[in-house]
Amino acid sequence: MTTTRADRLVPASLILLSLVPSVAGAVRVTELARGAEVTSANERFVAMPLPVVLHIVGATLFCVLGAFQFAPGFRARHRAWHRRSGRVLVPAGLVAALTGLWMALVYPQPPGDGALLTPLRLVFGTAMAAAIVLGFLAVRRRDFPAHRAWMVRGYAIGLGAGTQVFTHLPWVVAGVVPGEDTRTLLMAAGWVVNVVVAEWVIRRSPRVAARRGAHPAAGQRVPSAGTTRSSR
């Protein structure tokens, strides 16, 4: 099977989207390893570095390895790789989601975060963990369309930090620090945009389209044999 343009562009685009948070995470880990100067922005990480380090490592693995799952030609040529990487992706994604939940609950709220941002992090972090678990259970029972759908949803939420870079970009370019409510909306927009795109990707899947075509929508009448004959 030849490599298509989508096999190159889609993974590359997803990796680029995760580049800024991945680089920022690597910088954070390096600072903690070297003994960074304690500031109001990092004091919670310095006091308890393990959760944030696990979160960064898990999220980076999940986003980078996960990008290659969106290249059908690559998956078809490397089926064994797909299975082996899945054994890394599932625990990495769960580590990222669960440590994110832990940090939202235990770490002190950083400056600039509004009261609603913590509940949002809990909702999307729980949704990400649940999607990964449901995706794992689906592949165990060999329901591959459901496995793909749930993993796409989990990946979309995990990639939220990349999209949040773009939702914040106008304020960064303008040199303006968003207020707490604005920041909450910008963070939520990153997750919501990714979830909407994920649902679009899932619904345009050939297997999902075939399933929907096999079952008429609610309220849709199926022509009877007599009706079909009389229309000829």
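This structure is a prediction, so every number in the text was calculated from the model and none was measured.

Criteria and cut-off values
Residues numbered from 1 in each chain as written. Predicted model: local features only at pLDDT ≥ 70, side-chain atom pairs only at ≥ 80, totals over all residues. Heavy atoms only, no water. Helix = DSSP H or I, 4+ residues; strand = E, 2+ residues; numbered from the N terminus. Buried < 20%, exposed > 50% of the residue type's maximum accessible area, 1.4 Å probe, protein only. Contact = heavy atoms within 4.5 Å. Areas by Shrake-Rupley, 256 points an atom, 1.4 Å probe, with all protein chains shown as cover. Core = buried A, V, L, I, M, F, W, Y, C linked by side-chain atoms within 4.5 Å. Axes fitted to C-alpha atoms, helices over the stretch in contact; angles between N-to-C directions. Parallel < 35°, antiparallel > 145°, perpendicular 65-115°, else oblique. Left-handed = near helix turned anticlockwise from the far one by under 90°. Nonpolar A, V, L, I, M, F, W, Y, C, P; charged D, E, K, R; others polar. Expected span 1.5 Å × (residues − 1). Bend = angle between axes of the 7 residues up to and from the residue. Phe/Tyr/Trp six-rings, centres within 6.5 Å; stacked < 30°, edge-to-face > 60°. Lys NZ or Arg CZ within 6 Å of the ring centre and 35° of its normal. Patch = residues over 30% accessible without salt bridge, like charges linked within 9 Å, V, L, I, M, F, W, Y side chains within 5 Å. Salt bridge = Lys/Arg side-chain N within 4 Å of Asp/Glu carboxyl O. Lys, Arg positive; Asp, Glu negative; His and termini not counted. Charge placed at Lys NZ, Arg CZ, Asp CG, Glu CD.

Draft legend 1. Structural context of the overall build of the protein chain. Each helix and strand in the protein chain was counted, giving 12 helices and 0 strands. The 232 residues of the protein chain split such that 34% are buried. At a minimum sequence separation of 6, the contacts of the protein chain that also span at least 24 residues come to 70%. Just so you have it, the protein chain exposes about 14100 Å², and 66% of that area is on carbon and sulfur atoms.

Draft legend 2. Main features of the nonpolar core. F62, M128 and Y155 are the most contacted members of the largest nonpolar core, which has 19 residues in total. Those elements that provide at least two residues to this core are α4 (49-67), α6 (79-106), α7 (117-140), α8 (144-158) and α10 (180-203). In terms of residue count, α7 provides more of this core than any other element does, 5 residues in total. The residues contacting F62, other than those within four sequence positions of it, are L89, A92, G93, M128, I132, M151, G154, Y155 and G158.

Draft legend 3. Summary view of the packing of α8 against α10. In the contact formed by α8 and α10, the axes pass within 8 Å of each other and the chain directions differ by 160 degrees. Here α8 lies roughly antiparallel to α10, going by the angle between them. Crossing geometry of α8 relative to α10 is assigned as right-handed. Contacts between α8 and α10 involve R148, A149, V152, R153, A156 and I157 from the former and W191, N194, V195, A198, E199, V201, I202 and R203 from the latter. Looking at the contact of α8 with α10 residue by residue, the classes come out as 9 nonpolar, 1 polar and 4 charged.

Draft legend 4. Geometry of the packing of α4 against α8. Here α4 crosses α8 at 125 degrees, and the two axes come no closer than 10 Å. Classified by the angle between their axes, α4 and α8 sit oblique to one another. Helix-helix and strand crossings are classified by hand; for α4 and α8 the assignment is left-handed. Counted together, F62, C63, G66 and A67 of α4 and M151, G154, Y155 and G158 of α8 form the full contact between these two elements. Partitioning the contact of α4 with α8 into residue classes produces 5 nonpolar, 3 polar and no charged.

Draft legend 5. The arrangement of helix α9 (residues 160-174) in detail. In this model, α9 (15 residues) spans 22 Å end to end at C-alpha, consistent with the 21 Å of a helix rising 1.5 Å per residue. The largest bend along α9 reaches roughly 50 degrees and is located at H168, with the proline P170 sitting one to four residues downstream. Of the positions making up α9, those classed as buried are G160, G162, T163, Q164, T167 and H168.

Draft legend 6. Layout of the packing of aromatic side chains. Applying the stated criterion to the full structure yields 5 aromatic pairs. Residues F70 and Y155 carry aromatic rings whose centres are separated by 5.2 Å and whose planes lie at 50 degrees to one another, so their mutual orientation is tilted. Placement of F70 in the loop between α4 and α5 (72-77) and of Y155 in helix α8 is noted, with a sequence separation of 85 residues between them. Pairing F124 with W191 gives two aromatic rings, centres 4.9 Å apart and planes at 20 degrees, and the pair type is stacked. Of the two residues, F124 is situated in helix α7 and W191 in helix α10; the sequence distance between them amounts to 67 residues. In this structure an aromatic cluster arises from ring pairing among F45, W102 and Y107. Above the ring of W150, the side-chain terminus of R153 is found at 4.6 Å from the ring centroid.

Draft legend 7. Molecular detail of a positive patch on the surface. A cluster of basic side chains, namely R79, R83, R84 and R87, defines a positive patch on the protein surface. Overall, R87 belongs to the exposed group, its relative accessible area being 60%.

Draft legend 8. Fine view of the pattern of salt bridges. Under the counting rule described, the total for this entry stands at 6 salt bridges. Salt-bridge contacts for R121 lead to D113; the nearest nitrogen and oxygen are separated by 2.8 Å. By relative accessible area, R121 is classed as partly exposed at 25%. Residue classification places D113 among the buried residues on the basis of a relative accessible area of 2%. Shared partners join several salt bridges into a network, and the residues in it are D113, R121 and R183.

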